[in-house]
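Descriptive structure summary
What follows is the residue order along each chain.
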Amino acid sequence: GALASVRLGNWDTGYEAEAITYSFVVDGQNQGILIIKYAVVLNKPNTSCGDPGFKMVVLDENGEVIDESCGKADFTYTSAAAAGWNETKDGSVVWKDWTTLGLNLEDFHGQKIKIKISVFGCTYSAHYAYVYFTLGCASGKLDGINCGETPTTQFIAPEGFNYRWYKAYDDPKTP
């Protein structure tokens, strides 16, 4: 759904590594939410050569991670055995389908933040890694729709978050 994406890395061997840093000043009125989408491809090492991998981190103007649980990602081939990864039939490549992260930037209005993304092959020059990613911003406001003969309400919220909706009379602490 993005206009364009960036690819870092390639399928060449030789312990290649690529990185990019994107910086911008947060405008809290138009950039309340940072939306990061990425898809990762990792070549399986057949020895203990040091896994190919991917790293992403979002830093505030002091170099601190904005959100420890959502403001960073760090994957190697070994950690890719987790849920959410796919594998080729021969097991030589794993990939993570497009994943969306949303970060609330409300508290960072006027600050310069940095998004750092990197990929790297294995340390013995035999295996590759690459990542596709997009960056975008959203206002962070919910859009509501109410239409039809029978009033129904639908809310459209920014992607990249896990939402749990409650009725006003429900206790959110009760599962």
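Read on for a plain summary of the structure. This one's a predicted model, so the numbers in the text were calculated from it and none came from an experiment. (Residues numbered from 1 in each chain as written. Predicted model: local features only at pLDDT ≥ 70, side-chain atom pairs only at ≥ 80, totals over all residues. Heavy atoms only, no water.)

Examining the sheet that holds strand S9 (residues 129-138)
Taken together, the five strands give an open sheet; going across it, the order is S1-S9-S3-S7-S6, and neighbouring strands pair in antiparallel fashion. The open sheet terminates on both sides in strands that have one partner only, identified here as strand S1 (6-10) and strand S6 (85-87). Pairwise comparison of adjacent strand axes, ignoring direction, gives a mean angle of 15° for this sheet. Pairing geometry for strand S3 (residues 33-43) and strand S7 (residues 93-104), over ten bridges, is antiparallel. Residue pairing across strands places Tyr 38 opposite Thr 99, the latter belonging to S7. (Pairing = 2+ DSSP bridges. Helix = DSSP H or I, 4+ residues; strand = E, 2+ residues; numbered from the N terminus. Axes fitted to C-alpha atoms, helices over the stretch in contact; angles between N-to-C directions.)

Overview of the sheet that holds strand S5 (residues 72-76)
Each strand in a sheet pairs with its neighbour through backbone hydrogen bonds, running either in the same direction (parallel) or in the opposite one (antiparallel). In spatial order, the strands read S2-S8-S4-S5; together these four strands make up an open sheet with antiparallel pairing. If you trace the sheet from one side to the other, it starts and ends with strand S2 (17-25) and S5, each paired once. Along the sheet, successive strands turn relative to each other by an average axial angle of 10°, direction set aside. As paired elements, strand S4 (residues 53-59) and strand S8 (residues 112-120) share seven bridges and run antiparallel to each other. Looking at S8, one finds that Lys 55 is bridged to Ser 118.

Comments concerning the pairing of S9
As paired elements, S1 and S9 share five bridges and run antiparallel to each other. Opposite Leu 8, over in S9, you have Val 131 as the bridge partner. With ten bridges joining them, S3 and S9 adopt antiparallel strand pairing. Residue pairing across strands places Val 41 opposite Tyr 130, the latter belonging to S9.

Some details on the packing of aromatic side chains
All chains considered together, the criterion is met by four aromatic pairs. With centroids separated by 5.8 Å and ring planes inclined at 40°, the aromatic side chains of Tyr 22 and Phe 24 adopt a geometry described as tilted. Exposure remark for Phe 24: the relative accessible area of 11% places this residue in the buried category. Linked through ring pairs, Tyr 128, Tyr 130 and Tyr 132 together constitute an aromatic cluster. One cation-aromatic arrangement involves Arg 7 over Tyr 130; the distance from NZ or CZ to the ring centre is 5.5 Å. (Phe/Tyr/Trp six-rings, centres within 6.5 Å; stacked < 30°, edge-to-face > 60°. Buried < 20%, exposed > 50% of the residue type's maximum accessible area, 1.4 Å probe, protein only. Lys NZ or Arg CZ within 6 Å of the ring centre and 35° of its normal.)

What to know about the environment of Gln 111
Relative to the elements of secondary structure, Gln 111 occurs in the loop between S7 and S8. Take Gln 111: its relative accessible area is 18%, and that puts it in the buried class. When neighbours within four sequence positions are excluded, Gln 111 is seen to be in contact with Phe 24, Val 25, Val 26, Asp 60 and Glu 61. (Contact = heavy atoms within 4.5 Å.)

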